[in-house]
Amino acid sequence: MLCPSADATACEERLPGKHSMQGWECEECPPGTVPTADGFSCEMCPAGKASPGGQEECTECVAPMYSPAPGFSECAECGGVVFEDKCSACAPGQGIQYDGDTNTASCVTCAAGTASVQGVCEACEAGWHQPDAGQTLCIQCPPGRYQSVPSATQCEVCPASEGKFSELEGSAECQLTDKGYQIVDDGEGNGIGQEPCEAGFYADQGVTEWQCQECDHTQGKYQPLGAQSLCQIVDKGYFLKAPDPSSPKSPVICPEGTFRGPEARVFTVCLNCDAERGWYQDEEGQFQCKSVQLGKYIVVDPASSLPTSVADCALGYKRSATDTEDYKVCVQCDAATGHYQDELGQENCKKVPPGKIIVVDAEGLPTSVIECQPGYKRSDSDTDSYTECKPCNALLGEYSSAAGAQKCDVIPSGSYAIVEDDGSGTKEYRSCAIGTARSDQFYLDGDERYTRCRPCDTGTYQKQENQPTCNPVPSGNRAISDGTDIEKCPAGQREENGECVPCIPQQGEYQTQEGRNYCERIKPGFARPASPDLEPVLCTKGTVSNYLFLCVPCNVEQGEYQDKDGQSFCQVVDPGHELVVDETTGLPEVDQKPVKCKKGTYSKGSNKKCTPCDRDKKEYQNEEGATYCKICSRGKVHEGAMVCEGLGCKEESLVKIELSENPFLFSETAAGETLIIPCNPEKLSEVGDKIYRHCVYDEEQYTAYWGIPNFAMCPTAKTEMIHDLNSKMEVLQSPEKLSTLSSSDLAVEFEKLSEGFDALTVEEKVNGTEVKMTARDVSDVTNALMSVESVIKMDRAKGAGDETPEELAAMKEATNKVKRSTINTVEKVAESDEDTLKTVDNNHKVSIINSVEALSDSMEDGEDPIVAKNLVVKKIPAATNPDEDISLPLPLDVAEDEAPKLSMGDMDSTGTSVAVFSESAKGMFPDPTDGDEDDEEDEELEPRSSPRPKPKVNKTLNSCVVSLKFKDAQKVNFSLRLKANFSRDKGEKSKRLERKCSFLNTTTGKWSSKGCNTTQIPETGELKCTCDHNTSFAILLSISDITDTSQETATLIMFCINIFFLTLTFLAIAPFPKYRTRRLVVLQTQLVLSLIIANVGFQCLSRIPDFRVTIDMYGSPTFSLNVPCVVGVIMVQYLFLVVMAWMTCCAYTLHGKIVDAVKTFGKVDKFYVHKCVVICWVLPILLPGSAFMTSELMSNSEGAQALELPYIASGSVNGTDCWVAAPWKWASFMIPMYVCLLINCGVFVMIVRVLIRAAKSGSSNAGLGKQVKGALTIAVTVGVPWIVAILSFEPLAAIGQWAFIILTGLQGPCMFVVFVVLQEEVLGTLLKPLGLEVPEMLQSAKSTTAKKSSAGPPTASMAVTKVEADLPASTPERDETPPDNVYCNTSAKDDESQGGRSDTHQLVKSESEDKDLGENLYYECTHFPYDPDATSLSSQYPEPVMGEA
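Residues numbered from 1 in each chain as written. Predicted model: local features only at pLDDT ≥ 70, side-chain atom pairs only at ≥ 80, totals over all residues. Heavy atoms only, no water.

*Asks:* Describe the sheet that holds strand E92 (residues 1012–1017), naming the residues involved and giving the relevant values.
*Replies:* Pairing within the open sheet is antiparallel, and its 5 strands lie in the order E84-E85-E89-E93-E92. A strand with exactly one partner marks an edge of an open sheet, and here the two such strands are strand E84 (886–887) and E92. Two strands pair when backbone bridges link them, and E84 and strand E85 (residues 901–903) are joined in this way by 2 bridges, in the antiparallel orientation. Residue pairing across strands places Ile 886 opposite Leu 902, the latter belonging to E85. (Pairing = 2+ DSSP bridges. Helix = DSSP H or I, 4+ residues; strand = E, 2+ residues; numbered from the N terminus.)

*Asks:* Residue-level account of the nonpolar core, with values.
*Replies:* Counting residues in each nonpolar core, the largest one holds 68 residues, and the members touching the most others are Leu 1083, Val 1129, Trp 1142, Tyr 1207, Trp 1282 and Met 1311. Going through the elements one at a time, helix H9 (1046–1069), helix H10 (1079–1103), helix H11 (1123–1155), helix H13 (1168–1177), helix H14 (1182–1196), helix H15 (1224–1257), helix H16 (1263–1278) and helix H18 (1307–1317) are the ones with two or more residues in this core. Among the elements that line this core, the one with the most residues is H11, at 20 residues. Beyond its immediate chain neighbours, meaning those up to four positions away, Val 1129 contacts Leu 1101, Tyr 1207, Ile 1208, Cys 1218, Trp 1219 and Val 1220. Core analysis: the next-biggest nonpolar cluster, separate from the first, contains 50 residues, Ala 747, Ala 830, Ala 915 and Met 924 among them. (Core = buried A, V, L, I, M, F, W, Y, C linked by side-chain atoms within 4.5 Å. Buried < 20%, exposed > 50% of the residue type's maximum accessible area, 1.4 Å probe, protein only. Contact = heavy atoms within 4.5 Å.)

*Asks:* Break down the pairing of strand E21 (residues 181–185) for me, citing the residues and quoting the values.
*Replies:* Of the pairings in the sheet, the one linking E21 to strand E22 (residues 191–196) comprises 5 bridges and is antiparallel in character. Paired with Tyr 181 across the strands is Pro 196, a residue of E22. Counting the residues that bridge the hairpin from E21 to E22 gives 5 residues, and of these Gly 187 lies at a positive phi of roughly 90°.

*Asks:* So, the state of the cysteines: which residues are in play, and what are the values?
*Replies:* What the rule picks out here adds up to 29 disulfides. Bridging Cys 254 to Cys 270, the disulfide has an S-S length of 1.7 Å. Measuring handedness by torsion sign, the sulfur bridge of Cys 254 and Cys 270 sits at about -70° and is left-handed. Here the residue Cys 254 occupies a position in the loop between strand E28 (252–253) and strand E29 (258–259), and Cys 270 occupies one in the loop between E29 and strand E30 (271–272), the gap between them amounting to 16 residues. Relative accessible area serves as the criterion here: at 17%, Cys 270 is assigned to the buried category. Sulfur-sulfur distance for the disulfide between Cys 597 and Cys 610 comes to 1.8 Å. Between Cys 597 and Cys 610, the disulfide has an S-S torsion of -80° and is therefore left-handed. Here Cys 610 lies in the loop between strand E67 (601–602) and strand E68 (611–612) and Cys 597 lies in the loop between strand E66 (595–596) and E67, a separation of 13 residues in the sequence. With respect to burial, Cys 597 and Cys 610 carry one shared label: buried. Of the cysteine sulfurs around Cys 1146, a residue in no disulfide, the closest is that of Cys 1145, at 6.1 Å. Note on Cys 1146: relative accessible area 0%, which makes it buried. (Disulfide = S-S within 2.5 Å.)

*Asks:* Give me the lowdown on the packing of aromatic side chains, citing residues and values where you can.
*Replies:* All chains considered together, the criterion is met by 12 aromatic pairs. Ring plane angle 85° and centroid distance 5.2 Å describe the contact between Phe 1060 and Phe 1061, whose orientation is recorded as edge-to-face. Residue Phe 1060 is classed as partly exposed on the basis of its relative accessible area, which comes to 48%. Taking the relative accessible area as the measure of exposure, Phe 1061 reaches 24% and is therefore partly exposed. With a centroid separation of 6.4 Å and 65° between ring planes, the pair formed by Trp 1142 and Trp 1177 is classed as edge-to-face. (Phe/Tyr/Trp six-rings, centres within 6.5 Å; stacked < 30°, edge-to-face > 60°.)

Right, dumping it as structure tokens:
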């Protein structure tokens, strides 16, 4: 504590015993107090302490001094006992007791376990006890007992059985017997001490039960000391003898030659080392034997027979690890194998080194080596002898000049060996002289290869000694004869392999200088000189140099020419050109440039003269310089073949400002032909740069018009720009290039790409007309647009590194510029002309659409849309409300109320890429009219079943086109509402309009509605498209003609009816043999059969899809792919001609039987039916067959000047896609059909006249009705209803077609009625197996009369003239008087006034020579007029009737 004075500026240390009340003056503490710790005050001393004052601390009061209370200045003396700082006086055996409650003290008797000490009861200490109370002393515990706690009344026992003892009195605890000691007790089991174990014994406390135990020597244990807790184990190399009672036990050391190891279980003896196994021991007290060292052997002590030492192997000997047969001896080295030993104690023999040999001593031991002498050697490969060196062989190029050579040296190049005369090894060599040399590449053959140098060969030389080779003669030089020098080759010669050889002009060689190693080659366009040392001769115009190095004239016959000097080839006359003709000689000139072909001629090139177009082949050419002749397919070629007068496209000029300001001239071209003109008339050599324009032939309207010109092959001003743009794209897509670019470099490259795209979209005008992209531009730019997706992804790849924010921002801005430029370029494509986009390949269009979709997919969520006039792209984030319609972004040209609306429903998608195209941009998409997957599927699933051609359908996009791609969508299912364009509906009221949702299949490039359902919303004029895939969607409007299928249906129904009844008619007559002998029945059956086959054939022809016609560019059919059509057409024509032939045959037969009955009566032609079969089934094939062959010959004929007439017509003709063209249909089908039909109609008129006369005369019982029925039967038979085919021409076409369908369809039912139902005999034959009869109403009058007359007796007998014959009994009797109008070959009554009728018929002898019918064949005189009520239609004609002679 520092106590400062009042006037001091520093503190002073406080003196002990003093304090300061105010901090600046110290005072002493009064008596009974001391200073506090801080020195600012004093405090009293506690009881038991005192202070006289001025002290730092209180003084302790020591008995008999005391201080009973605090604040004593000094200690007082106590005459009694001081207890707790108080003084008192008590009797012996008592002690003071202080009462804290009353603060009084009193004397009490000390309890047992305590004693009175100076008036205080104190507890007996540990080791002491007091069993009685009121004692002044405590008693010590005796030996063998102890007490560990104070205040004890008795001592505890130390049990000897537990190894415990107390040796002294007053022990506080028992001691534990030490190790190596045993317990000593007092006879009562109390431990009173311990004693040590003797030598040979040990004690380990409780382990040995607190007693000493003897060590067991049989277990290798001993103990030479006393008071030990363990026995010692005999050490390795020692053993124990039997124990000696008089002395301590101790081990004995093992002698030499023996050992005892730690693992040995025998402790009383040592083991002998086994010399046979290579063991020995040369020291005492060892725990193991030693192994004999390599190069030493074991020595056995003769006295003990123990291996006690080893010795080194002698010279010439060794002992190694492999020598284990006997360790007491060494192995001799084998000189035969090259081994020796010149040192003692070696484990291996030494190998004699190369260049040395082994020396064997007198005892035959290999104890040393010596070096080989010069001229000799010994190597490792010389294993046949190790005691001799081998000589070096000069013949092998060997020598050795030093001793100890391991190998013979090789005679160096440029030297040769010296052969020793005594045949010893070669020791030296010498250098080659000039003009000679020697080496491994240049030497003499045989034994002189190394012993002699080789003279230089021809073409080489050597001017120096000791050289390995001769030098080649320098170019243009040759060696002198001894090869020691050179000289130059003269002019006209060249050096070859060191010799001068002459140049050969005939092989194109010459040389005008000396000292050259080559001949000059005669250049192309030059001829060989007369001498090889002269210059070549120049070839003049019209001539060229050939392979013989001569100037030869160009071959005028092959169209060759050359208008320049010094040329090696003749130029070939270009296509469209010919050689100039000399006006004087009239011969073509081969030294002048060709001129263009004149009009009317052409040249494909390589011709001396243009070829005139062949008028006979309808060729013409109205332009100069033509490479081909045009075909005047639908016109006539005028003289000179320069003009085609006929159908074609007139000359037209067209300006395409994108290519040239000058108009393109499209010359007059025949219909169906494609005109080809160059893109640039000044560059005809650019073969691929052509413009194609087709002159379209409209066969229905028989007109021709120009098609859209195809400029897709013509380069434009943008072609080079697009090429550069594509090159930049390719560079950026190169991994090597990309790896070298930093983010900033990539941003710069993106800027360049953007500038390249922008350059394509710059608005450009020529003469006030905007320049648009051509088809070539669109096709070329497609590649660049396709690469945009991969290029845009590069910024993401680069953005994954350590770019700075500024670099990332610059790259992002550059990427956005590329996107915007790309959209502007696509916009430029959409603004191209409609005709231009029509000539762009669909694959390129699909690629452009794919690039737009990829660009929209590359946009980020929330990124602003890229909007253009006809196009907009945007990335829409995932919808928060799936049921809410999302209004898609719109191009600038689309009104807001036309915005498509997207509903994603429950579809799970993380975002949607959208691209919306306006309807004005539909030209960018594949034209749906060109191909529709739905139409193709309909054709595959629904084969053509109608002869009616499918109506032409025009398809167009009728709304915005929306491209969608849903990101991470597991299943696509969405709804899209599109606004259709109804503006053109009013102009198409007569058409069938159909709208449906369709999508663009980017794989096939076609539109399809698969996977899309269409729902119309009339209130808004929208269509709702529900689809399940990603692609471009739009509303597809199909416009088609409304077709009338009533005729088609009626034709099919009438065809079925016709075929059904014709088949019934055929089956009702053909199977019965009795009708086969009746001529007319046979003819009618054949007619029915031909009708069945013809009708079925025509239906098949009109319904098989394969029967279609392919029309080439000239409007002519392609036959190579339409063989089924040609065959089908010919077969159908043939079958209908067969039908008409059978009708005509029937008409001819009826004419002979009815009209010319008298003339033909009695005449019979037994081959009549056979002739009809041949005429009707064979001859008709000649007409269509010959017409087809004629058309083919005309198309291939070189002399046909008439119009080309294809056999097959294009388009739909007669209800089928495959039919014969005019005029062949007239020549081979229509005219023959109409001729036969007119003949049949004429016969029908003749027969009707007979029937009318008969009806008027009243000679027939049938009356007018029966005559009409007969006329109807004949009309059906001869095909009179077919005359309505005349009405199939305008203006009565519709009426005629319906009349023809109905009448031809009823032909079958009519034939069934007149050939079966109305024929009593035929109908009766069919009803008889059923037990039925012909109804009376269908029976004829004769049948009814015959039945009545058969009931009574005959009224008359039959008169037979010339030959009597018994008629069958069933034949009714007839009147003998011939009736009127009955004619026969014996009488003819012309009197028609008699009205009587006789049933008597006369039989006349047949004039027939038919042996098969027999001699008794008669013809019945025909009863005229024709009676329809006859029992059989055929019975009214002259048919054979059998009778007996």
